[in-house]
Amino acid sequence: MAIHENLLGGPPPTHLPDDPEPRELLAAGTAPSDVAAKYPASSLAWAQLADDAFEGGRVVESYAYARTGYHRGLDALRRAGWKGHGPVPFEHEPNRGFLRALHALARAAGSIGEQEEYARCSTFLRESSPTAADTLT
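Residues numbered from 1 in each chain as written. Predicted model: local features only at pLDDT ≥ 70, side-chain atom pairs only at ≥ 80, totals over all residues. Heavy atoms only, no water.

## Overview of the packing of aromatic side chains
Stage number 1. Throughout the structure, instances matching the rule amount to five aromatic pairs.
Stage number 2. Look at Trp 46 and Tyr 65: their rings are 6.0 Å apart centre to centre, the planes differ by 35°, and that puts the pair in the tilted class. Residue Trp 46 is located in helix 3 (residues 43–55), and its partner Tyr 65 is located in helix 4 (residues 59–79); the two are separated by 19 residues in the primary sequence.
Stage number 3. Judged by its relative accessible area of 16%, Trp 46 falls in the buried class.
Stage number 4. Relative to Phe 124, the ring of Tyr 70 lies with its centre 6.3 Å away and its plane at 85°, an arrangement referred to as edge-to-face. Note that Tyr 70 is positioned in helix 4 and Phe 124 in helix 6 (residues 115–128), a separation of 54 residues in sequence. (Phe/Tyr/Trp six-rings, centres within 6.5 Å; stacked < 30°, edge-to-face > 60°. Helix = DSSP H or I, 4+ residues; strand = E, 2+ residues; numbered from the N terminus. Buried < 20%, exposed > 50% of the residue type's maximum accessible area, 1.4 Å probe, protein only.)

## Looking at helix 3
Stage number 1. The end-to-end C-alpha distance of helix 3, which contains 13 residues, comes to 18 Å, matching closely the 18 Å that a straight helix rising 1.5 Å per residue would cover.
Stage number 2. Listing the buried residues of helix 3 in full gives Ser 43, Leu 44, Ala 45, Trp 46, Ala 47, Leu 49, Ala 50, Asp 51 and Ala 53.
Stage number 3. For helix 3, the elements touching its buried residues are helix 1 (20–27), helix 2 (32–38), helix 4 and helix 5 (96–111).
Stage number 4. Gly 57 sits one or two residues past helix 3 and shows a positive phi near 80°. (Expected span 1.5 Å × (residues − 1). Contact = heavy atoms within 4.5 Å.)

## Description of the environment of Leu 74
Stage number 1. By the secondary structure assignment, Leu 74 is in helix 4.
Stage number 2. For the pair Leu 74 and Trp 46, spaced 28 residues apart in sequence, the C-alpha separation works out to 13 Å.
Stage number 3. Leaving out residues up to four positions away in the same chain, Leu 74 has contacts with Trp 82, Phe 98 and Phe 124.

## Observations concerning the packing of helix 3 against helix 5
Stage number 1. In the contact formed by helix 3 and helix 5, the axes pass within 8 Å of each other and the chain directions differ by 30°. Accordingly, the angle class assigned to the pair helix 3 and helix 5 is roughly parallel. Between helix 3 and helix 5 the crossing geometry is left-handed. On helix 5, the residues touching Ser 43, Leu 44, Ala 47, Gln 48, Ala 50, Asp 51 and Phe 54 of helix 3 are Gly 97, Phe 98, Arg 100, Ala 101, Ala 104, Arg 107, Ala 108 and Ser 111.
Stage number 2. Grouping the constituent residues of the contact of helix 3 with helix 5 by class yields eight nonpolar, four polar and three charged. (Axes fitted to C-alpha atoms, helices over the stretch in contact; angles between N-to-C directions. Parallel < 35°, antiparallel > 145°, perpendicular 65-115°, else oblique. Left-handed = near helix turned anticlockwise from the far one by under 90°. Nonpolar A, V, L, I, M, F, W, Y, C, P; charged D, E, K, R; others polar.)

## Topic: the packing of helix 3 against helix 4
Stage number 1. Look at helix 3 against helix 4: their axes get within 8 Å of each other, and the N-to-C directions meet at 165°. Taken together, the axes of helix 3 and helix 4 lie roughly antiparallel to each other. Note on packing geometry: the crossing formed by helix 3 with helix 4 is left-handed. Residues Ser 43, Trp 46, Leu 49, Ala 50, Ala 53 and Phe 54 of helix 3 lie in contact with helix 4, whose contacting residues are Val 59, Glu 61, Ser 62, Tyr 65, Ala 66, Thr 68, Gly 69, Arg 72 and Gly 73.

## Structural notes on the nonpolar core
The nonpolar side chains of a soluble globular protein tend to be buried, and buried together.
Stage number 1. Ranked by internal contacts, the top residues of the largest apolar core, which has 25 residues, are Tyr 70, Leu 74, Leu 77, Phe 98, Leu 99, Leu 102 and Phe 124.
Stage number 2. Of all elements in the fold, only helix 4, helix 5, helix 6 and helix 7 (130–135) reach the threshold of two or more residues within this core.
Stage number 3. For this core, the leading source of residues is helix 5, giving eight residues.
Stage number 4. Those residues in contact with Phe 98, other than ones at most four positions away along the chain, are Ser 43, Tyr 70, Gly 73, Leu 74, Leu 77, Val 88 and Phe 124. (Core = buried A, V, L, I, M, F, W, Y, C linked by side-chain atoms within 4.5 Å.)

And the structure:
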């Protein structure tokens, strides 16, 4: 039996391919808007834009950025073999952009009174990665 075998019979964890350039640019201090313009498929860049807007009190803007990052992440997950459910481990760094965007979408939705979307996104985050749900709150 393999060490990482799923004994519950659920889908295996999805690990997005590494895309280090956006992460490295953000870490070097490049403006998130410049990173998103150069790498529009990067959930990480959109998540950072969402976080910055939220911290600046621009909640609707944060919601829009988070929604973009969330949808870009769903596209990437599907390309990686994800079938709409199953673990998306926070421990795998390339997954963090999607998980951060999902968290940012839940946060912004809750802030503008979209309680159904807040609940849906919060549940999705916890089911995808309990570590992300605990870490990003």
